[in-house]
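Structural features, examined
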Amino acid sequence: GDSVTQTEGLVTLTEGLPVMLNCTYQSTYSPFLFWYVQHLNEAPKLLLKSFTDNKRPEHQGFHATLHKSSSSFHLQKSSAQLSDSALYYCALRYTGANTGKLTFGHGTILRVHP
Amino acid sequence: EAAVTQSPRNKVTVTGGNVTLSCRQTNSHNYMYWYRQDTGHGLRLIHYSYGAGNLQIGDVPDGYKATRTTQEDFFLLLELASPSQTSLYFCASSDAWGYEQYFGPGTRLTVL
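Here is a short report on the structure shown in this document.

Parameters at a glance
- Residues numbered from 1 in each chain as written.
- Chains lettered and ligands numbered in written order.
- Predicted model: local features only at pLDDT ≥ 70, side-chain atom pairs only at ≥ 80, totals over all residues.
- Heavy atoms only, no water.
- Helix = DSSP H or I, 4+ residues; strand = E, 2+ residues; numbered from the N terminus.
- Rg over C-alpha atoms; globule rule 2.2 N^0.38 Å.
- Buried < 20%, exposed > 50% of the residue type's maximum accessible area, 1.4 Å probe, protein only.
- Contact = heavy atoms within 4.5 Å.
- Areas by Shrake-Rupley, 256 points an atom, 1.4 Å probe, with all protein chains shown as cover.
- Lys, Arg positive; Asp, Glu negative; His and termini not counted.
- Charge placed at Lys NZ, Arg CZ, Asp CG, Glu CD.
- Core = buried A, V, L, I, M, F, W, Y, C linked by side-chain atoms within 4.5 Å.
- Pairing = 2+ DSSP bridges.
- Axes fitted to C-alpha atoms, helices over the stretch in contact; angles between N-to-C directions.

**Here's the deal with the overall build of chain B**
A count of helical and extended segments in chain B gives zero helices and 11 strands. Secondary structure elements of chain B occur, N-terminal to C-terminal, as β-β-β-β-β-β-β-β-β-β-β. On C-alpha atoms alone, chain B measures out to a radius of gyration of 13 Å, which is about the 13 Å that the 2.2 N^0.38 rule sets for 112 residues. Dimensions of chain B, computed from C-alpha atoms along their principal axes, come out at roughly 40 × 30 × 25 Å. Across the 112 residues in chain B, those meeting the buried criterion constitute 47%. Within chain B, contacts between residues separated by at least 24 positions form 54% of all contacts whose residues are at least 6 apart in sequence. Accessible surface, chain B as shown: approximately 5100 Å² in total, 51% of it carbon and sulfur. If you average the places of the 8 positive and of the 9 negative side-chain charges in chain B, the two averages end up 9 Å apart.

**Section: the nonpolar core**
Residue and element names in this part refer to chain A. Core analysis: the biggest nonpolar cluster contains 24 residues, and Leu-33, Trp-35, Leu-47, Leu-75 and Tyr-88 have the highest contact counts within it. Residue assignment for this core shows that the elements contributing at least two residues are strand S2 (10–14), strand S3 (19–21), strand S5 (31–38), strand S6 (45–49), strand S8 (62–64), strand S10 (86–94) and strand S12 (108–113). A per-element tally of this core places S10 first, with four residues. Beyond its immediate chain neighbours, meaning those up to four positions away, Leu-75 contacts Val-19, Met-20, Leu-21, Trp-35, Leu-47, Leu-48, Phe-62, His-63, Ala-64 and Tyr-88. The next biggest cluster of nonpolar side chains, apart from the first, holds 20 residues, and it includes Ala-43, Tyr-89, Ala-91 and Leu-102.

**Description of the pairing of S2(A)**
Residue and element names in this part refer to chain A. Burial of S2 is one-sided: the residues Val-11 and Leu-13 facing one way are buried, the residues Leu-10, Thr-12 and Thr-14 facing the other way are not. Alignment of S2 against S12, held across five bridges, turns out to be parallel. Paired with Leu-10 across the two strands is Ile-109, which belongs to S12.

**Details of the sheet that holds strand S7 (residues 65–68) of chain B**
All names here are of chain B. One open sheet accounts for four strands, arranged S1-S3-S8-S7; its pairing is antiparallel. Where the open sheet ends on each side, the last strands, each with one partner, are strand S1 (4–7) and S7. For this sheet, the mean angle separating the axes of adjacent strands, direction not counted, is 15 degrees.

Shown next, in the form of structure tokens:
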């Protein structure tokens, strides 16, 4: 079945340094990939979603590129801000039958300090 | 702005107790979902539904029942609550394509 792997449980960074959160996936069919963000005491919300035409989605300075050859959808940002501290989930939905179901990774906590 | 509400926001019960968590969405979405969130496990799908009267089994359904009574309302039932069901529960909704899920604020359940 479909699965998503986020290898880092916790990433700690100094403000201003670049961010990269890893996400790899296994899927029988060509999937859509997503990043969700959850700030402390809030609900998860969508940050980015992949496109099928190799465009690079961007939002709030974050971007991610779907690499089908390596089955990856890493989240990147050039300069971390304190407000980026949150829990980040990578998720996938395959482009086959319309099940409406997302498969989430275990999440990566990003902590940005001054 | 999509709106998903949950009640209660906090609930404490005892082992063997009966609990119902409620979720309402006013987005006219087809899909609704129940997740639990636990440290080290992330978000895990319990049950979901694509319309009134429909129920689909999620990835961690044991010990949970669910019912979708209307387009707007989705309920999660724990008939014999156990301490292992202590968790933060999120409800979500999405349109027919399921690409973006909108989450409610969560219900924190403690089973003593």
